[in-house]
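# Architecture at a glance
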Amino acid sequence: MQQLLRRDVGAFEELYQRHSRIVYSLVLRILRQGSTAEEVVQDVFLQLWRNSARYDLSRPFIPWLLTLARNRALDQLRLKGERQRRREEQTEELPQIVSAAPEYEEALDAQRRAERVRSLIGSLPSAQKKAIELAYFEGLSHSEIAASLKEPLGTVKSWIRNGLLRLKEGLQSS
Amino acid sequence: MSANDQFRELIEAYAMGSLDAPEREQVEAHLAGGCVDCEKALEEARWLVSQLAYLAPDAQPSDMLKGRLLQTVRAEAAVRRTLPHEVRRAGIPLWLWAGVAALLLFSAYSAWNEKELRDTVANLEQQAAAQQAERQKLEHELTVTKLQAHEAMIWSDPRSKKIMLSSKDPKMPQLEAMWHPDMGLVVRGWKTPSPGEKRVLQLWLISKKSGKPMPATTFWPDANGKFSAMVENPPDTMSDTQALAITAEPMGGSQQPTSAPMWVGGVS
């Protein structure tokens with residue numbers, strides 16, 4: 001990342017090689033359309049290249065990149081009119097706050113982490129899992145999810161929070 | 001339950017962006033008040049939420065995407081490197097002309113020093129010629145860089161329309177084109193077979209009105225089958241073009257196609 005800050009093309013290529021797969025997987029899951037997903041991924045990496053100086057090196061890179069990619073993909077969903085505009089910010093800006101790396105983050109490599117996350121979320125009841133997926137991949141609000149699943153609002157809130165806390169505990173214990 | 005506990009319960013949903021507006025505004029107001037504990041909890045919640053990306057089914061982007069991105073960043077990096085040269089290549093330096101002028105003046109009243117002066121002037125002219133050659137070289141590099149930057153802008157501009165060109169032969173690679181209404185049209189390919197000795201690939205625009213092909217440009221893939229052909233001023237507009245087609249033609253290109261299209265891609 002430090003090399004990228006110096007506009008090193010080789011560093012950019014290596015970074016793309018390393019992270020393009022998870023970024024593309026995420027964006028494709030949100031947009032469900034290959035060519036549009038590639039346009040968004042291109043946009044994300046170009047933004048990374050052009051604005052790398054704004055990245056805070058003390059923060060973990062991958063969560064920041066995934067947050068940027070998710071925001072861009074959800075913006076694209078809104079542009080396509082597939083859902084109402086709800087998040088009014090973050091159209092052009094890089095994510096301003098990047099999560100701190102908990103101590104256990106480095107302990108898991110990408111593949112193990114993917115397996116662990118899928119296993120932990122997969123062990124939830126299907127409606128709870130669905131609520132989390134609607135929030136994360138579709139960008140729906142609590143009330144929109146409640147309407148979509150025909151469940152009480154309070155139930156949806158609990159499902160999402162408890163599901164995320166369970167994921168956190170599971171990752172911490174890994 | 002303390003105020004902090006109340007907001008802590010909302011922090012994961014806030015990080016995910018799933019709070020409805022009233023709750024979201026409450027959390028934002030609380031954070032704006034400078035609650036350090038909640039700020040820290042939010043940072044951790046953002047990390048946690050980002051881990052949900054791993055639920056997405058594994059998928060691999062195309063090689064074309066990587067090619068496009070690398071071409072763009074290389075062009076931008078080259079522009080950045082070239083800019084300082086532009087300052088240097090602004091022409092023959094003033095000191096050089098001043099030197100020539102001074103020497104010429106001196107020669108008027110120093111005939112006995114004529115030979116030495118001629119040598120010096122010749123030397124200065126040689127330097128001027130070398131600078132001129134360097135200038136031409138830099139101008140060429142700048143032209144190439146500007147062309148690459150122009151192509152990169154077409155590829156990354158949201159107003160550009162992507163067109164995929166396919167072949168009937170399943171062994172042939174798919175080509176892609178990007179057409180910008182103002183900046184022009186670029187066609188690219190990877191692993192493209194050579195059109196054969198003394199032949200070129202030629203791009204055609206198929207008119208929507210007449211159905212006739214209009215020649216756009218000719219090009220060759222390199223040894224690795226890679227090419228990028230740009231048409232800054234296409235012979236017709238995007239809205240009046242039905243399709244793009246590529247044929248193999250004799251060197252120099254043809255006014256009308258002499259072979260069947262190898263690739264075709266619908267525009268509208």
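Residues numbered from 1 in each chain as written. Chains lettered and ligands numbered in written order. Predicted model: local features only at pLDDT ≥ 70, side-chain atom pairs only at ≥ 80, totals over all residues.

## Things to note about the overall build of chain B
Applicable threshold: Only runs of H or I of at least four residues qualify as helices and only runs of E of at least two qualify as strands under DSSP, and these elements are numbered from the N terminus. With C-beta atoms placed from the backbone, a residue is buried if 20 or more other C-beta atoms are within 10 Å of its own, exposed if 12 or fewer are, and partly exposed between those counts. Residues are defined as contacting one another if the C-beta atoms placed from their backbone atoms lie within 7 Å.
Secondary structure summary: chain B contains 6 helices and 8 strands in total. Moving toward the C terminus, one meets the helices and strands of chain B in the order α-α-α-α-α-α-β-β-β-β-β-β-β-β. For chain B, the residues scored as buried account for 28% of the 268 residues in total. Intrachain contacts of chain B at a sequence separation of at least 6 include 61% that bridge at least 24 residues.

## Structural notes on the overall build of chain A
Scanning chain A from N- to C-terminus turns up 8 helices and 0 strands. Taken from N to C terminus, the helices and strands of chain A fall in the order α-α-α-α-α-α-α-α. Here the contacts in chain A between residues at least 6 apart in sequence split such that 67% fall between residues at least 24 apart.

## Structural notes on the interface of chain A and chain B
The figure often quoted for interface size is the accessible area lost as the parts come together. For the record, the criterion: Side-chain classes follow a simple rule in which Ala, Val, Leu, Ile, Met, Phe, Trp, Tyr, Cys and Pro form the nonpolar group, Asp, Glu, Lys and Arg form the charged group, and the remainder, Gly included, forms the polar group.
Listed per partner, the contact involves 52 residues of chain A and 40 residues of chain B. Of all the secondary structure elements, the ones that give two or more residues to the side of chain A that touches chain B are helix H2 (9–31), helix H3 (34–50), helix H4 (61–79), helix H5 (110–122), helix H6 (126–137), helix H7 (142–149) and helix H8 (153–173) of chain A. Each residue belonging to the side of chain A that touches chain B can be placed in one class, and the counts come to 29 nonpolar, 10 polar and 13 charged.

## Overview of the sheet that holds strand E8 (residues 263–266) of chain B
All names here are of chain B. For clarity, the cut-off: Pairing between two strands requires that DSSP report at least two bridges joining them. Only C-alpha atoms enter the line fits that serve as axes; for helices the fit covers just the stretch in contact. Angles between N-to-C directions range over 0 to 180 degrees.
With antiparallel pairing, 4 strands are arranged side by side in an open sheet as E5-E4-E7-E8. The two strands at the open ends of the sheet, each matched to only one other strand, are strand E5 (213–219) and E8. Averaged over all pairs of adjacent strands, the angle between their axes in this sheet comes to 20°, without regard to strand direction. One ladder, built from 4 bridges, connects strand E7 (residues 241–250) with E8; its direction is antiparallel. Bridging across to E8, Ile246 finds its partner in Trp263.

## Considering the sheet that holds strand E1 (residues 161–165) of chain B
Residue and element names in this part refer to chain B. As summarised here, the arrangement of the 4 strands in space is E1-E2-E3-E6, forming an open sheet in which the pairing is antiparallel. What marks the edges here is a single partner per strand, and that holds for E1 and strand E6 (227–231). Within the sheet, the average angular offset between the axes of one strand and its neighbour, ignoring direction, is 15°. Note that strand E3 (residues 184–189) and E6 share 5 bridges and pair antiparallel. Note that in E6 the partner of Leu185 across the bridge is Val231.

## Looking at unusual backbone geometry
Here A:Lys150, not a glycine, exhibits a phi torsion of approximately 55°, which is positive. The phi angle at B:Lys198 is positive, at roughly 60°, despite the residue not being glycine. Inspection of the secondary structure assignment puts B:Lys198 in the loop between E3 and strand E4 (199–207). Here B:Lys198 falls in the exposed class, since 8 other C-beta atoms lie within 10 Å of it.

## Notes on the nonpolar core
What counts, and what does not: Each nonpolar core reported here comprises buried Ala, Val, Leu, Ile, Met, Phe, Trp, Tyr and Cys residues connected via C-beta atoms within 7 Å.
With 67 residues, the main nonpolar core has A:Val23, A:Leu26, A:Val27, A:Val41, A:Ala69 and A:Ala135 as its most contacted residues. It is H2(A) that contributes the most residues to this core, 11 residues altogether. Setting aside anything within four residues of it in sequence, one finds A:Ala69 in contact with A:Val23, A:Leu26, A:Val27 and A:Val44. Core analysis: the second largest hydrophobic core is formed by 26 residues, B:Ala152, B:Leu203, B:Trp204 and B:Leu205 among them.

## Some thoughts on the pairing of E7(B)
Taken together, the 9 bridges between E4(B) and E7(B) define a ladder with antiparallel strand orientation. Along E7(B), the bridge assignment pairs B:Gln202 with B:Thr247.

## Let's talk about the environment of B:Asp169
Residue and element names in this part refer to chain B. Along the polypeptide, Asp169 turns up in the loop between E1 and strand E2 (175–180). Under the C-beta neighbour-count criterion, Asp169 is labelled exposed, with 10 such atoms within 10 Å. Measuring from C-alpha to C-alpha, the distance between Asp169 and Trp263 comes to 9.1 Å, with 94 residues separating the pair along the chain.

## Structural notes on the confidence of the model for chain A
This is how the line gets drawn: Predictor confidence is given residue by residue as pLDDT, running from a minimum of 0 to a maximum of 100.
When the pLDDT values of chain A are averaged, the result is 81; 79% of them are 70 or greater. Predicted confidence for residues 82–104 of chain A stays below pLDDT 50, and this span has 44 contacts to residues more than four positions away or in other chains.

## A short note on the pairing of E3(B)
Burial within E3(B) is extensive, with 5 of its 6 residues counted as buried. Where E2(B) folds back onto E3(B) in an antiparallel hairpin, the turn is made up of 3 residues.

## Concerning the environment of A:Leu74
All names here are of chain A. On the secondary structure map, Leu74 appears in helix H4. Judged by C-beta crowding, with 24 C-beta atoms within 10 Å, Leu74 ranks as buried. Ignoring sequence-local partners within four residues, the contact set of Leu74 consists of Ile30 and Gly139.

## Thoughts on the confidence of the model for chain B
Regions with low pLDDT should not have their predicted coordinates read in detail. Residue and element names in this part refer to chain B. This prediction gives chain B a mean pLDDT of 84; 84% of its residues lie at or above 70. The least confident element of chain B is helix H5 (residues 94–109), whose mean pLDDT is 62; the most confident is E2, at 93. Confidence drops under pLDDT 50 across residues 86–90; counting only partners more than four residues distant or on other chains, this segment forms 3 contacts.

## A word on H7(A)
In plain terms, the rule: Directions pointing from the helix axis toward each C-beta atom define the arc.
Those residues of H7(A) not exposed but buried are A:His142, A:Ile145 and A:Ala146. One face of H7(A) carries all of its buried residues, which in axial projection span an arc of 100°.

## Side note on the packing of H4(A) against helix H3 (residues 36–50) of chain B
Angle between the axes and distance between the axes are the two parameters that describe a pair of packed helices. The condition that has to hold: If an angle is under 35 degrees, it is roughly parallel; if it is over 145, roughly antiparallel; if it lies from 65 to 115, roughly perpendicular; otherwise it is oblique.
Where H4(A) meets H3(B), the axes come as close as 9 Å, and the angle between the chain directions of the two elements is 70°. In terms of their interaxial angle, H4(A) and H3(B) are classed as roughly perpendicular. Along the contact surface, H4(A) presents A:Pro63, A:Leu66 and A:Thr67, while H3(B) presents B:Arg46, B:Trp47 and B:Ser50. Of the residues belonging to the contact of H4(A) with H3(B), the class tally is 3 nonpolar, 2 polar and 1 charged.

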